[in-house]
Amino acid sequence: GLVPDAAASTVPRVRLVLAGAVRHAADKRRLEKLQDLAAELGLTSDEVHFAPNLPRSALMELYGSAAVGLHTMWNEHFGIGVVEMMAA
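### Comments concerning the packing of helix 3 (residues 56-65) against helix 4 (residues 80-87)
Direction vectors running N to C along helix 3 and helix 4 enclose 65°, while the axes themselves pass 8 Å from each other. By the angle between their directions, the pair helix 3 and helix 4 is classed as roughly perpendicular. Judged by the twist between their axes, the crossing of helix 3 over helix 4 is right-handed. The segment helix 3 lies against helix 4, with R56, M60 and Y63 engaging G81, E84 and M85. Of the residues assigned to the contact of helix 3 with helix 4, the class counts are 3 nonpolar, 1 polar and 2 charged.

Laid out in structure tokens, this is it:
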């Protein structure tokens, strides 16, 4: 992993879950690049989990269990994802 062995016991275990829609070929390429990067960095599925195209119920459950939510879509005109995270 990215944390040196000496510090590993003092760093809380976290898991990054990347969830969202894969709408078209460009999104699919972006997802594949992120998956490749995670593999290159030696990150395991316990550290980074990719969850594309989840059913709404699963997405709401994920939002509700998250400690932090991050909205990264730069061209979302309303930010409904942020509202959904807050509501969950």
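Structure's up, so let's keep going.
### Some points on the side chain of D27
Secondary-structure assignment places D27 in helix 2 (residues 25-40). Given the relative accessible area of 6%, D27 is considered buried. At 3.0 Å, the side chain of D27 and the side chain of R30 are in polar contact.

### Quick notes on the side chain of E84
Of note, E84 is situated in helix 4. For E84, a relative accessible area of 17% corresponds to the buried category. Apart from residues no more than four positions distant in its own chain, E84 is found in contact with R56, M60 and Y63.

### With respect to the pairing of strand 2 (residues 48-52)
By the bridge criterion, 5 bridges tie strand 1 (residues 16-20) to strand 2 in an arrangement that is parallel. Along strand 2, the bridge assignment pairs A19 with A51.

### Re helix 2
Compared with an ideal rise of 1.5 Å per residue, which puts 16 residues at 22 Å, helix 2 spans 22 Å between its outermost C-alpha atoms and is within 8% of the ideal. Those residues of helix 2 that fall on the buried side of the exposure criterion are D27, L31 and A38. Around the axis of helix 2, the buried residues are gathered within 40° of arc, so they sit on the same side. Every exposed residue of helix 2 that faces more than 90 degrees away from the buried side is listed here: K33, A39 and E40. On the buried face of helix 2, the contacting elements are strand 2. Phi turns positive one or two residues past the end of helix 2, at G42, with a value near 75°.

Calculation rules
Residues numbered from 1 in each chain as written. Predicted model: local features only at pLDDT ≥ 70, side-chain atom pairs only at ≥ 80, totals over all residues. Heavy atoms only, no water. Axes fitted to C-alpha atoms, helices over the stretch in contact; angles between N-to-C directions. Helix = DSSP H or I, 4+ residues; strand = E, 2+ residues; numbered from the N terminus. Parallel < 35°, antiparallel > 145°, perpendicular 65-115°, else oblique. Left-handed = near helix turned anticlockwise from the far one by under 90°. Contact = heavy atoms within 4.5 Å. Nonpolar A, V, L, I, M, F, W, Y, C, P; charged D, E, K, R; others polar. Buried < 20%, exposed > 50% of the residue type's maximum accessible area, 1.4 Å probe, protein only. Polar contact = N/O pair within 3.5 Å; in protein donor to acceptor, adjacent residues only side chain to side chain. Pairing = 2+ DSSP bridges. Expected span 1.5 Å × (residues − 1). Arc of directions from axis to C-beta.

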